[in-house]
There are 2 protein chains.
Amino acid sequence: MQRSRGVTLRLYMGLIHFPVYNKNYERIASAITTLDIHDLARLAKTYGVKRLFIVTPLDDQQNLTRRVLRHWIDGYGGQYNRHRKEALELVCVVPDLDRAVEGIKKTEGETPLIIATDARHEKKDRSMSYEKARSLIKEDKAVMLLFGTAWGLHEEVMKKTDSILDPVSGKTGYNHLSVRTAAAIILDRLAGEI
Amino acid sequence: MQRSRGVTLRLYMGLIHFPVYNKNYERIASAITTLDIHDLARLAKTYGVKRLFIVTPLDDQQNLTRRVLRHWIDGYGGQYNRHRKEALELVCVVPDLDRAVEGIKKTEGETPLIIATDARHEKKDRSMSYEKARSLIKEDKAVMLLFGTAWGLHEEVMKKTDSILDPVSGKTGYNHLSVRTAAAIILDRLAGEI
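Residues numbered from 1 in each chain as written. Chains lettered and ligands numbered in written order. Predicted model: local features only at pLDDT ≥ 70, side-chain atom pairs only at ≥ 80, totals over all residues. Heavy atoms only, no water.

**Student:** Sorry, what's going on with the overall build of chain A here?
**Tutor:** A count of helices and strands for chain A gives eight helices and nine strands. Taking 2.2 N^0.38 as the reference for a compact globule, 194 residues should give roughly 16 Å; the C-alpha atoms of chain A span a radius of gyration of 16 Å, in line with that estimate. If you line up chain A on its principal axes, its C-alpha atoms span 45 × 45 × 35 Å. For chain A, buried positions account for 56% of its 194 residues. A separation threshold of at least 6 residues defines the contact pool for chain A, and within that pool the share at least 24 residues apart is 80%. With the model as given, the accessible surface of chain A reaches about 8,600 Å², and the carbon-plus-sulfur share is 47%. Side-chain charges of chain A comprise 31 positive and 25 negative groups, with the mean position of each set lying 3 Å from the other. (Helix = DSSP H or I, 4+ residues; strand = E, 2+ residues; numbered from the N terminus. Rg over C-alpha atoms; globule rule 2.2 N^0.38 Å. Buried < 20%, exposed > 50% of the residue type's maximum accessible area, 1.4 Å probe, protein only. Contact = heavy atoms within 4.5 Å. Areas by Shrake-Rupley, 256 points an atom, 1.4 Å probe, with all protein chains shown as cover. Lys, Arg positive; Asp, Glu negative; His and termini not counted. Charge placed at Lys NZ, Arg CZ, Asp CG, Glu CD.)

What follows is the structure, encoded as structure tokens:
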């Protein structure tokens, strides 16, 4: 099915804070970086993403996120900058990936294809090229892109995904972008000018 | 001249903090966002950019930037995360655009083509497409990309540039990305997989 320009895609993003790796490849829950929420929400709004899920099981981190959202949607922030409000309205806080997937199923009437992003990923069986992912999104398949915080998505999350997107490679072999800038590049490659 | 993969380009970035616009389109000097320095330096390292100039005439803001750089290059940060050190070594603090251009001239033996980025830009005489900018970089022309902070580059800076890159358009008409994510998309379009 072709979609006209300006309509949202059946595309979802999840920013995962648990389980992720720390520097020593231990399983941790990372803290929310509020700026990530802003940057990723603005990207979501730019590229027609339907919803950005902030995934954390920690009550205090969920509350922090909701407080940020309230300020920018219902509070003074929403009056100060309506563009920010429009972007943050796409954000939803959930305790785990399963809850996000359930929400997508209800909206879309189908299980989304879950595609992980991973800077360390070496091409294997479950690899997916940008071209392939882009064509699925263009063909109107429901797709959820997962982004990891800290040192990346834990294997427990990886097991729940259908595919792993090829890492962003620049030209130098250096592969240590922030999740904000990596997400920007990935969204532009997958949903830019579709 | 063709370059082999892994070699840096003759490409430079400048993050401008003065003169830029504030929300009311007044001429201001914006404050340094230290996270921008990290994110843009990591992008520069990824895409083979030769140097990232942080442009601010304010002494305290220059000192803040240098303190951040010292921590991550010579201080504990450099031991804690060597990837960050490698990226931040590309950063140079200058008081104004002219000083940055002088530095590039000395290194490259030619005046760089200065290309501004501007989310509000409407296509006019000085517009440049991504395709054109990409081909210039590929052909080994010395190029400096300018990114504005706050509400964008002031007209005084625009006058000093040769061209203005087309705005990043996603698919919804929403055009309010952070400078970090916009820079990521622009670098990937101009220098990705060259």
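So, next bit.
**Student:** When you look at the packing of helix α8 (residues 179–191) of chain A against helix α1 (residues 34–46) of chain B in this model, what are you seeing that I'm missing?
**Tutor:** Where α8(A) meets α1(B), the closest approach of the two axes is 9 Å, and the angle between their N-to-C directions is 50 degrees. Relative to α1(B), α8(A) is oriented oblique. In the crossing of α8(A) with α1(B), the sense of the turn from one axis to the other is right-handed. On the side of α8(A), the interface is formed by A:Arg180, A:Thr181 and A:Ile185, while α1(B) contributes B:Leu35, B:Asp39 and B:Leu43. When its residues are assigned to classes, the contact of α8(A) with α1(B) shows three nonpolar, one polar and two charged. (Axes fitted to C-alpha atoms, helices over the stretch in contact; angles between N-to-C directions. Parallel < 35°, antiparallel > 145°, perpendicular 65-115°, else oblique. Left-handed = near helix turned anticlockwise from the far one by under 90°. Nonpolar A, V, L, I, M, F, W, Y, C, P; charged D, E, K, R; others polar.)

**Student:** Looking at this structure, how should I read the sheet that holds strand β4 (residues 51–55) of chain B?
**Tutor:** Two pairing modes exist for strands in a sheet, parallel and antiparallel, and in both the strands are linked by backbone hydrogen bonds. Residues and elements named next belong to chain B. Across the sheet, seven strands lie side by side as β5-β4-β1-β8-β6-β9-β7; this open sheet has parallel pairing. One side of each edge strand has no neighbouring strand; the edge strands of this open sheet are β5 (91–94) and β7 (127–128). Contacting β1 (11–16), β4, β5, β6 (113–117) and β8 (143–148), helix α5 (residues 97–108) crosses the sheet at an angle of about 160 degrees to β8. Strands β1, β6, β8 and β9 (163–165) of the sheet are contacted by helix α8 (residues 179–191), whose axis makes an angle of about 160 degrees with β8. (Pairing = 2+ DSSP bridges.)

**Student:** Would you take a moment to explain the relation of the copies chain A and chain B for this structure?
**Tutor:** The relation between the two chain copies is a rotation about an axis coupled with a shift along that axis. Aligned on chain B, chain A shows an RMSD of 0.0 Å; the corresponding rotation is 180 degrees and the shift along the axis is 0.0 Å. These values place the two chain copies in the arrangement generated by a two-fold rotation axis. Of the interface residues in chain A, 97% have counterparts in chain B that sit at the interface too, so the contact is made through matching surfaces. (Least-squares fit on C-alpha atoms with pLDDT ≥ 70 in both.)

**Student:** I'm lost on the interface of chain A and chain B in this one. Help?
**Tutor:** Reports of interface size often rely on the accessible area that becomes lost once the parts have come together. Contact with chain A, which involves 39 residues of that partner, is made by 38 residues of chain B. When chain A packs against chain B, close to 3,600 Å² is buried across both sides, 53% of that on carbon and sulfur atoms. When the buried area of chain A at its contact with chain B is split by residue, A:Thr46, A:Lys171 and A:Tyr174 rank highest and sum to 23% of it. Close ionic contact of B:Arg180 with A:Asp39 constitutes a salt bridge, the shortest N to O distance being 2.7 Å. (Buried area = accessible area lost by both parts, 1.4 Å probe. Salt bridge = Lys/Arg side-chain N within 4 Å of Asp/Glu carboxyl O.)

**Student:** Sorry if this is basic, but what is going on with a nonpolar patch on the surface here?
**Tutor:** A contiguous nonpolar patch, built from A:Tyr25, A:Trp151, B:Tyr76 and B:Tyr80 and spanning about 430 Å² of accessible area, is present on the exposed surface. Tracing the backbone shows B:Tyr76 in helix α3 (residues 76–80). (Patch = residues over 30% accessible without salt bridge, like charges linked within 9 Å, V, L, I, M, F, W, Y side chains within 5 Å.)

**Student:** Which parts of the structure should I look at to understand helix α1 (residues 34–46) of chain A?
**Tutor:** Residue and element names in this part refer to chain A. The end-to-end C-alpha distance of α1, which contains 13 residues, comes to 19 Å, matching closely the 18 Å that a straight helix rising 1.5 Å per residue would cover. Among the 13 residues of α1, 10 are classified as buried, and the element is accordingly described as predominantly covered. Within α1 the residues assigned to the buried category are Asp36, Ile37, His38, Asp39, Leu40, Ala41, Arg42, Leu43, Ala44 and Thr46. A positive phi of about 70 degrees marks Gly48, the residue just after α1. (Expected span 1.5 Å × (residues − 1).)

**Student:** Would you take a moment to explain the environment of B:His17 for this structure?
**Tutor:** Residue and element names in this part refer to chain B. Structurally, His17 is set in the loop between β1 and β2 (20–21). Given the relative accessible area of 2%, His17 is considered buried. Apart from residues lying up to four places away in sequence, His17 is in contact with Ile28, Ala29, Ser30, Ala31, Ile32, Ile54, Val55, Thr56 and Thr149. A distance of 3.3 Å separates the side chain of His17 from the backbone oxygen of Leu15, its partner in a polar contact. (Polar contact = N/O pair within 3.5 Å; in protein donor to acceptor, adjacent residues only side chain to side chain.)

**Student:** For this particular structure, what's the right way to read the confidence of the model for chain A?
**Tutor:** Detailed reading of the predicted coordinates is not advisable wherever pLDDT falls low. Residues and elements named next belong to chain A. Per-residue confidence for chain A gives a mean pLDDT of 93, with 95% of residues at or over 70. Within the model, pLDDT remains below 50 along residues 1–5, and this stretch shows 12 contacts once partners closer than five positions in the same chain are excluded. Interface confidence for the predicted complex, given as ipTM, is 0.94, next to a pTM of 0.95. (pLDDT = per-residue confidence, 0-100.)

**Student:** Before we go on, may I ask you to explain the side chain of B:Asn22 in this structure?
**Tutor:** Residue and element names in this part refer to chain B. Topologically, Asn22 is positioned in the loop between β2 and β3 (27–28). For Asn22, a relative accessible area of 16% corresponds to the buried category. A polar side-chain atom of Asn22 sits 2.9 Å from the main-chain amide nitrogen of Asn24. At a separation of 2.8 Å, a polar atom in the side chain of Asn22 contacts the side chain of Glu26. For Asn22, the contacting residues outside a window of four places in its chain are Ile28 and Trp151.

**Student:** Would you take a moment to explain the pattern of salt bridges for this structure?
**Tutor:** Here the idea is simple: oppositely charged side chains can pair when their charged atoms come close. In total, this model carries 22 salt bridges over all chains according to the counting rule given. Note that B:Lys50 and B:Glu108 form a salt bridge whose closest N and O atoms lie 2.7 Å from each other. In this pair, B:Lys50 sits in the loop between α1 and β4 while B:Glu108 sits in helix α5, placing the two residues 58 residues apart along the sequence. A relative accessible area of 28% places B:Lys50 in the partly exposed class. The partner of B:Arg82 in a salt bridge is B:Glu86, with the nearest N and O atoms 3.5 Å apart. Note that B:Arg82 and B:Glu86 are positioned in helix α4 (residues 82–88) at a spacing of four residues, about one turn of the helix. Each of A:Arg10, A:Lys50, A:Glu108, A:Glu110 and A:Lys141 takes part in salt bridges that share partners, so that together they form one network.

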